[in-house]
Amino acid sequence: VQLQASGGGLVQAGGSLGLSCAASGSISSRNVMGWYRQAPGKQRELVATSTSGGGTTYGSFVKGRFTISRDNAKNTVYLQMSSLKPEDTAVYYCNAVAYDLGVTNYWGQGTLVTVSS
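Secondary structure summary: the chain contains 0 helices and 11 strands in total. Reading the secondary structure of the chain in the N-to-C direction produces β-β-β-β-β-β-β-β-β-β-β. Since a compact globule built from 117 residues should have a radius of gyration of about 13 Å, the 14 Å found for the chain is in line with a globular shape. Based on the C-alpha atoms only, the size of the chain along its principal axes is roughly 45 × 25 × 20 Å.

Shown next, in the form of structure tokens:
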């Protein structure tokens, strides 16, 4: 399974940006897909996750500004970000955890989001 993320870029503070991540290959239908981010000098942190059953989780900093969604038929997860702040600047990583006979964790290559003030 490979995760291909797209949609990063430069946006002004207060603006919006969308990310998408498609899983190629065969991934268990029971999975959690989502996004993490890592800013320079900081640890990687949870942004949002979405389960194949429809549950979602958001990082505490999101505060209603981001929305995660997914298309199970396409094995694709989306992150719509709005009211972006300079502190949202980071490399955003797509993640998938597949539950089959065991648990397998996949990471995408990361996409840079830069929010200018």
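Moving on, we come to the sheet that holds strand E7 (residues 66-71). The sheet built from 4 strands is open, its strands ordered E1-E3-E8-E7 with antiparallel pairing. With one partner strand each, in any of the chains shown, strand E1 (2-6) and E7 form the two edges of the open sheet. Neighbour-to-neighbour, the strand axes of the sheet open up by a mean angle of 15°, direction not taken into account. In this structure, E7 lies alongside strand E8 (residues 76-81), joined through 6 bridges in antiparallel fashion. Note that in E8 the partner of Thr67 across the bridge is Gln80.

In this structure, Lys63 takes a positive phi of about 50° despite not being glycine. One can find Lys63 in the loop between strand E6 (56-58) and E7.

The next thing to look at is the side chain of Asn31. Mapped onto the fold, Asn31 is located in strand E4 (residues 31-38). Apart from residues no more than four positions distant in its own chain, Asn31 is found in contact with Ser50, Thr51, Ser52, Arg70, Val97, Ala98 and Tyr99.

With that settled, consider the pattern of salt bridges. With the rule as written, the count across this model stands at 3 salt bridges. Ionic pairing is found between Arg37 and Asp88, a salt bridge with its closest N-O pair at 2.9 Å. Taken as a pair, Arg37 in strand E4 and Asp88 in the loop between E8 and strand E9 (90-99) lie far apart in primary sequence, 51 residues in all. By the burial criterion, Arg37 is buried, and Asp88 matches it. Of the charged contacts in the structure, one is a salt bridge between Arg65 and Asp88, with a shortest N-O distance of 2.7 Å. With Arg65 in the loop between E6 and E7 and Asp88 in the loop between E8 and E9, the pair connects residues that are 23 residues apart, well separated along the chain. One connected set of salt bridges, linked through shared partners, spans Arg37, Glu45, Arg65 and Asp88.

What counts and what doesn't
- Residues numbered from 1 in each chain as written.
- Predicted model: local features only at pLDDT ≥ 70, side-chain atom pairs only at ≥ 80, totals over all residues.
- Heavy atoms only, no water.
- Helix = DSSP H or I, 4+ residues; strand = E, 2+ residues; numbered from the N terminus.
- Rg over C-alpha atoms; globule rule 2.2 N^0.38 Å.
- Pairing = 2+ DSSP bridges.
- Axes fitted to C-alpha atoms, helices over the stretch in contact; angles between N-to-C directions.
- Contact = heavy atoms within 4.5 Å.
- Salt bridge = Lys/Arg side-chain N within 4 Å of Asp/Glu carboxyl O.
- Buried < 20%, exposed > 50% of the residue type's maximum accessible area, 1.4 Å probe, protein only.

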